[in-house]
Amino acid sequence: MGDDFDPETDIDWTGDKSFRSGFACFVGRPNAGKSTLTNALVGAKIAITSSKPQTTRHSIRGIVNREDSQLVLIDTPGLHKPRTLLGQRLNDLVRETWTEVDVIGVCLPSNQPIGPGDTFLVGEIAKLPKKPKLVALATKTDLVSGDTLRKHLVEIQQLEEKLGISWETIIPCSAVAGEQVDVVADELVKLLPYGPAFYPDGELTDEPDETLVKELIREAALEGVRDELPHSITVEIDEMGLREGRPEDKPLLDVFASMIVERDSQKGIMIGHKGEHLREVGTRARHQISALLGTPVHLDLKVKVLKDWQRDPKYLNRLGF
Ligand SMILES: Nc1nc2c(ncn2[C@@H]2O[C@H](COP(=O)(O)OP(=O)(O)OP(=O)(O)O)[C@@H](O)[C@H]2O)c(=O)[nH]1
């Protein structure tokens with residue numbers, strides 16, 4: 001295991017050793033348990049999510065505020081084989097995020113053998129010019145026997161030699177059973193540099209609501225659609241705000257949004273027979289947004305075609321990629 005001396009965390013430049021703060025992200029194959037662990041760490045379902053902090057362009061998944069530290073968990077999209085300009089940009093963004101965080105937690109579910117997807121991911125991290133500290137998290141321990149877990153931990157350890165990396169620590173944990181979640185927090189915090197909190201306790205700007213609403217609509221839109229369509233969908237908020245003239249105890253949030261697809265044929269699918277699919281997506285998204293923001297929502301949802309937006313730099317810029 002790596003116990004290398006690191007001047008950034010091991011020397012106290014400021015003289016103040018009372019507080020640590022920094023950034024971490026979780027990586028892992030789909031379903032590895034990243035979101036569940038994030039929520040368990042932050043301590044609330046739908047954590048203080050998705051903000052665009054001033055210091056980085058990345059969205060925040062959640063913030064773990066403690067007396068002695070602030071750990072900011074950053075969201076990264078998965079790494080995919082890029083097939084479009086968007087794919088490339090997303091991958092670049094992921095790699096960039098990796099070099100900017102202090103710690104990466106690699107989630108390796110205990111109930112699944114380590115596979116090519118995992119080694120690819122860790123291998124990519126190993127290639128980075130500036131490597132953040134790495135922590136291995138053997139997630140979902142509640143699903144396996146002690147024996148299986150021990151073998152899994154050995155396999156994780158062996159990745160060090162196989163991929164030329166070094167784990168700061170390997171932590172078995174279960175976010176669902178609440179096992180060792182506090183240890184994960186402790187260990188991540190230990191690896192952060194000394195410094196003051198990046199964000200005031202519990203407070204974030206209100207821009208993120210829009211980001212969040214966008215994500216919820218996209219999530220609702222993706223449910224039940226197949227094949228390559230998911231990659232072609234993005235969401236744009238045209239306008240969003242509290243309706244004026246409402247009584248204070250009965251606010252209503254108006255959201256005007258467009259689901260953007262690449263081709264006319266996809267538009268048809270998104271709208272569905274007699275508009276049924278669009279209505280379903282709207283209802284699902286509206287419930288989610290309303291649950292999250294705690295306000296009733298009026299959602300006006302349209303479908304728009306931006307031809308081949310994933311390959312068009314102009315569209316990508318407009319959509320914020
Ligand atoms: N039994 C058990 N199930 C878990 C645990 N953590 C996550 N899960 C389940 O595993 C599934 C995937 O969990 P997520 O947290 O969504 O995984 P993820 O890595 O964020 O997935 P993607 O967003 O697809 O990348 C969900 O059904 C979770 O309920 C755990 O500690 N124990």
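Residues numbered from 1 in each chain as written. Predicted model: local features only at pLDDT ≥ 70, side-chain atom pairs only at ≥ 80, totals over all residues.

> Quick one: what's the story with the site of the ligand, residue by residue and with numbers?
Residues in close proximity to the ligand total 15 residues, the closest being G33, K34, S35, T36 and V176. Looking at the shell around the ligand, its residues break down into five nonpolar, seven polar and three charged. (Near = placed C-beta within 6 Å. Nonpolar A, V, L, I, M, F, W, Y, C, P; charged D, E, K, R; others polar.)

> Give a description of the sheet that holds strand β9 (residues 297-305) that names residues and reports values.
Reading across the sheet, the three strands line up as β7-β8-β9 and stay open at both edges, with mixed pairing between neighbours. Edge strands, defined here as strands with exactly one partner in the open sheet, are β7 (234-242) and β9. For this sheet, the mean angle separating the axes of adjacent strands, direction not counted, is 15°. By the bridge criterion, nine bridges tie strand β8 (residues 253-261) to β9 in an arrangement that is parallel. Bridged to I260 within β9 is K304. Against the sheet, helix α10 (residues 276-293) engages β8 and β9, with an angle of about 135° to β9. (Pairing = 2+ DSSP bridges. Helix = DSSP H or I, 4+ residues; strand = E, 2+ residues; numbered from the N terminus. Axes fitted to C-alpha atoms, helices over the stretch in contact; angles between N-to-C directions. Contact = placed C-beta atoms within 7 Å.)

> Give a detailed account of the confidence of the model for the protein, specifying residues and quantitative values.
When pLDDT is averaged along the protein, the result is 82, and 83% of the positions lie at 70 or above. Note on residues 44-57: pLDDT under 50 across the span, and 35 contacts to partners over four residues away in sequence or across chains. Interface scoring of the predicted complex returns ipTM 0.98; its pTM is 0.65. (pLDDT = per-residue confidence, 0-100.)

> Give a description of the nonpolar core that names residues and reports values.
A24, I104, V106 and L137 are the most contacted members of the largest nonpolar core, which has 40 residues in total. In contact with I104, other than residues within four places in its own chain, are A24, C25, V27, W98, I125, P132 and L134. V213, V255, I260 and I289 belong to the second-largest nonpolar core, a separate cluster that totals 22 residues. (Core = buried A, V, L, I, M, F, W, Y, C linked by C-beta atoms within 7 Å. Buried ≥ 20, exposed ≤ 12 C-beta atoms within 10 Å, placed from the backbone.)

> Would you mind going over the environment of L319 in detail, with residue names and values included?
Of note, L319 is situated in the segment after α11 (313-318). Spatially, the C-alpha atoms of L319 and V235 are 8.2 Å apart, while their sequence positions differ by 84 residues. Once residues lying within four places of it in the same chain are set aside, the contact partners of L319 are T234, E236 and W309.

> Summarise the pairing of strand β5 (residues 133-138); cite the residues concerned and give the values.
Counting buried positions along β5 gives six out of six residues, so the element sits mostly inside the fold. Residues K133, V135 and L137 of β5 are buried on one face, and the alternating residues L134, A136 and A138, pointing to the opposite face, are buried as well. Of the strand pairs in this sheet, strand β4 (residues 103-107) and β5 are connected by five bridges, and their pairing is parallel. Bridge pairing in β5 places I104 opposite L134. Following the chain from β4 across helix α4 (residues 116-126) to the adjacent parallel β5, one finds a crossover that is right-handed. Pairing analysis gives five bridges linking β5 to strand β6 (residues 167-172), with the strands arranged parallel. Bridge pairing links L134 to W167 in β6. Running through helix α5 (residues 146-163), the crossover from β5 to the neighbouring parallel element β6 is right-handed. (Right-handed = clockwise from strand over helix to strand, strands pointing away.)

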